[in-house]
Amino acid sequence: MMLTAPGAGIIILFVWLSPSYALYFHIGETEKKCFIEEIPDETMVIGKYRTQLWDKQMGSFLQTTPGLGMHVEIKDPDTKIILSRQYGSDGRFTFTSHTPGEHQICLHSNSTKMALFAGGKLRVHLDIQVGEHTNNYPEIAAKDKLTELQLRARQLLDQVEQIQKEQNYQQYREERFRMTSESTNQHVLWWSIAQTLILIFTGIWQLKHLKSFFEAKKLV
């Protein structure tokens, strides 16, 4: 699902459904793209990207964009910046979540420094891997001298650990939803009580007012 906001595009992606995904998108000269990832705590995330600049003369995207840089900014669910760094035209960024919830990943170019980009558009290929998908198992096997069976056992253990983190995160979301529901129900209850009291006091005031009116008119 895609949401738009002034000066930024926001894409919501559910990490437990797609722990690894690749996509590409286009951005303008001053445009920023933000992705919201729901990530369990203590989970590693690796992002890789490469950029292609539109060439008006050739009518296609260039394979390389020398001199072009991308700024990556990542915020945790408390809007605290956990990563803010300038990269090149191709880059790789890594971070580990310490708070479960929605993490915002934003990218924008240093296009204002490039006359070549003026009025053009940039294609950004983005590949994000979450959890055990960030592990390079061939490298781990070579480093730790693991047999094929040992490597498979390592992969299964990592998968079980990631599943446990995702289950814990689902429980965390359910707990927050329950607390929100209880708070809403409590507010509704107090509002109903307040409405009832207002009606009672209004009725009493009307009765007194009518009684005073009839007495003034000597009807009672």
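These numbers come from a predicted model, not from an experiment. (Residues numbered from 1 in each chain as written. Predicted model: local features only at pLDDT ≥ 70, side-chain atom pairs only at ≥ 80, totals over all residues. Heavy atoms only, no water.)

Enquirer: Account for the overall build of the protein, naming residues and giving values.
Expert: For the protein, the count of helices and strands is two helices and 11 strands. For the protein, with 220 residues in total, the buried portion stands at 35%. When the accessible surface of the protein is split by element, carbon and sulfur atoms take 58% of a total near 14,400 Å². (Helix = DSSP H or I, 4+ residues; strand = E, 2+ residues; numbered from the N terminus. Buried < 20%, exposed > 50% of the residue type's maximum accessible area, 1.4 Å probe, protein only. Areas by Shrake-Rupley, 256 points an atom, 1.4 Å probe, with all protein chains shown as cover.)

Enquirer: For the packing of aromatic side chains, give the residues involved together with the corresponding values.
Expert: Counted by the stated rule, this structure contains three aromatic pairs. Relative to Tyr172, the ring of Tyr169 has its centre 6.1 Å away and its plane inclined at 25°; by these criteria the two rings are stacked. Taken together, the residues Tyr169 and Tyr172, both in helix H2 (residues 148-216) and three residues apart, mark about one turn of the helix. For Tyr169, a relative accessible area of 4% corresponds to the buried category. By relative accessible area, which is 30% here, Tyr172 ends up partly exposed. (Phe/Tyr/Trp six-rings, centres within 6.5 Å; stacked < 30°, edge-to-face > 60°.)

Enquirer: Account for the pairing of strand E8 (residues 81-87), with residues named and values stated.
Expert: Strand direction decides the pairing type here: strand E7 (residues 70-75) and E8, joined by six bridges, are antiparallel. Along E8, the bridge assignment pairs Ile74 with Leu83. Hairpin remark: E7 followed by E8, antiparallel, with five residues in the connecting loop; positive phi at Thr79, about 60°. (Pairing = 2+ DSSP bridges.)

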